[in-house]
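One-letter residues, chain by chain:
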Amino acid sequence: MAPLRVLELYSGIGGMHQALKESCTSAEVVAAVDVNTLANEVYKHNFPSTLLWAKTIEGITLKEFDRLSFDMILMSPPCQPFTRLQKLPKYLLLENVKGFESSSARNELLQTLETCGFKYQEFLLSPTCACGFCLQLGIPNSRLRYFLIAKLHQEPFSFQAPGQILTRFPDQDLEDLVKAKVADKVVEASSLSSEEKNLDPNIGPDCSSKKSLPKGAFLFKLETVEEMERKHSQDNDSSIQMLKYFLEDENEEMGLYFLPPKYLLRYAFLLDIVKPTCRRSTCFTKGYGHYVEGTGSVLQTAVDVQLESVFKHIEDLPEEEKLMKLSTLKLRYFTPREIANLHGFPLEFGFPDKVTIKQRYRLLGNSLNVHVVAKLISVLLG
């Protein structure tokens, strides 16, 4: 059987391409398309032999599309370029942010798919959820995203749930997969970035109700009891790996990533602080390393220091003493390589030297989790 010919739209740094490789599918990316110059530099650095078009979808002619003779489209933003084509692809996979499932663009997309004869299934998935296949992934990072897989003129998926958005991979009973009210049922409520927080706070990251607050636990910073319970629950979930397995070895360059004193004083009560032994981290957005609040967790490298001892009554201290206490935590940002590890990019995936740290954070914040997409490709073609 000839390899699938794949077109990658809005290719970014190549997350879809990397996922395709990881899925072990017999396939070739015949072209990648993106207008982001910097992302294209990273893409070329990692996939030098792939045809890369630095143009908009609208700038591609029908002849150029048809000449590629592709079987599958992988894409991230809302887009229906296949409606312009004389020959439709056999397979589609689309990824987008949480919230797309309630947009008019999504409704228009589904209507188009049905008109064109596609069978499809929607998902809301994150690599942290300890359910189904995610149990095998066990990645300690929240990144809830909308996904859609579709195939043309074929039998429906065996797990297909019309009108429903699944919140687990389809390797369990269909009855357990369907979530009738997605906004009320999906997981990871308070561990998400600001645009993802409209979820039910009573559903924990282990896909079950929250456990009780541990005896003697101390609430510090601007946390609620529910947030503390969720964090304790996830940190005790052995199906999720510890962060330490995704971290770089400490070296001299790590000094670049420590939070400056002014950030410690200004944002201490807003930081999501994790240790290497934690089994969680919040979603890393494109503003990580530039903005502090709501852009991703920070790492406490002084592992023997107790957060409770630092934050208890800290608001009553003068500024100088407050800074001394906070500095004992030795808080730093996750490095771009560590975020890439959490996103499932292999060690050989890299950035050109000219790409700055800030730019790497931005590019990774706009990317996707490779492991999740690789599994979905396997499901789509299975």
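All values derive from a computational prediction rather than experimental measurement.

## Quick look at the nonpolar core
Ranked by size, the top nonpolar core spans 74 residues in total, and within it Leu93, Ile149, Phe311, Phe334 and Leu376 carry the most contacts. Ignoring anything within four residues of it in the chain, the contact list for leucine 376 reads Leu93, Phe123, Leu125, Phe147, Ile149 and Phe169. Residues Ile60, Phe100, Leu110 and Leu124 belong to the second largest nonpolar core, which totals 29 residues.

## Thoughts on the sheet that holds strand 3 (residues 52-53)
As summarised here, the arrangement of the 8 strands in space is 3-2-1-4-5-7-6-8, forming an open sheet in which the pairing is mixed. Strand pairing shows two members of the sheet lacking a second neighbour, strand 3 and strand 8 (165-166), which therefore form its edges. Looking at chain direction, strand 1 (residues 4-9) and strand 4 (residues 72-75) are connected through 4 bridges and run parallel. Across the sheet, the residue bridging to leucine 7 is isoleucine 73, located in strand 4. In this fold helix 1 (residues 15-22) packs onto strand 1, strand 2 (27-33), strand 4 and strand 5 (91-97), with an angle of close to 155 degrees to the strand it touches most, strand 1.

## Topic: helix 14 (residues 370-381)
For helix 14, spanning 12 residues, the distance from its first C-alpha to its last is 17 Å, which sits close to the expected 16 Å at 1.5 Å a residue. Every buried residue of helix 14 is accounted for by Val370, Val372, Val373, Ala374, Leu376, Ile377, Val379 and Leu380. Put simply, asparagine 369 is the residue that caps the front of helix 14, since its side-chain oxygen is 3.0 Å from the backbone nitrogen of histidine 371.

## Side note on the packing of aromatic side chains
All told, the structure shown has 14 aromatic pairs when counted by the stated rule. Ring centres of tyrosine 43 and phenylalanine 47 lie 5.0 Å apart, and the angle between their planes is 55 degrees; this geometry places the pair in the tilted category. Every member of this aromatic cluster is reached through a ring pair, and the members are Tyr43, Phe47, Phe345, Phe349 and Phe351. In this arrangement the basic side chain of lysine 55 is found over the ring face of tryptophan 53, its NZ or CZ atom lying 5.3 Å from the centre. We note lysine 151 situated over the ring of phenylalanine 157; from NZ or CZ to the ring centre the distance is 4.4 Å.

## Describing the sheet that holds strand 10 (residues 298-300)
Strand order in this open sheet of 3 strands is 9-10-11, and the pairing throughout is mixed. Here the strands that pair on one side only, and so sit at the sheet edges, are strand 9 (273-274) and strand 11 (331-333).

## As for the pattern of salt bridges
Applying the stated criterion across every chain, the model contains 11 salt bridges. Linking glutamate 64 and lysine 55 is a salt bridge whose minimum nitrogen-to-oxygen distance equals 3.4 Å. Glutamate 64 sits in the buried class, given a relative accessible area of 19%. Through salt bridges with shared partners, a single network forms among Lys231, Asp235, Asp272 and Arg280.

Cut-off values and rules
The residue numbering used here restarts from 1 in each chain and proceeds along that chain's sequence as written. Where totals are concerned, whole chains, interfaces and linings use all residues; where local detail is concerned, this predicted model gives features only for residues with pLDDT of at least 70, and gives and counts side-chain atom pairs only at 80 or more. To obtain the side-chain values, all non-hydrogen atoms of the structure were used and water was disregarded. Here, nonpolar core means buried Ala, Val, Leu, Ile, Met, Phe, Trp, Tyr and Cys residues that are tied together by side-chain atoms lying within 4.5 Å of each other. Exposure classes here rest on a 1.4 Å probe applied to the protein chains alone. A residue is buried below 20% of its type maximum, exposed above 50%, and partly exposed in between. For this analysis, residues touch if any pair of their heavy atoms sits within 4.5 Å. We call two strands paired when DSSP finds no fewer than two bridges between them. Secondary structure elements follow DSSP: runs of H or I of four or more residues count as helices, runs of E of two or more count as strands, with numbering from the N terminus. Between N-to-C directions, angles span 0 to 180 degrees; the directions come from axes that are lines fitted to C-alpha atoms, helices contributing only their stretch in contact. Here, expected helix span is obtained from the residue count minus one, scaled by 1.5 Å. Any pair of N or O atoms that falls within 3.5 Å is considered a polar contact. Within protein, one atom must be able to donate a hydrogen and the other to accept it, and sequence-neighbouring residues count only if both atoms are side-chain atoms. The pairing test for Phe, Tyr and Trp rings, Trp by its six-membered ring, is centres within 6.5 Å, and the orientation test on the planes gives stacked under 30 degrees, edge-to-face over 60, and tilted for anything in between. Our definition puts a charge over a ring when NZ of Lys or CZ of Arg is within 6 Å of the ring centre and also within 35 degrees of the ring normal. By convention in these notes, a salt bridge is any Lys or Arg side-chain nitrogen within 4 Å of a carboxyl oxygen on Asp or Glu.

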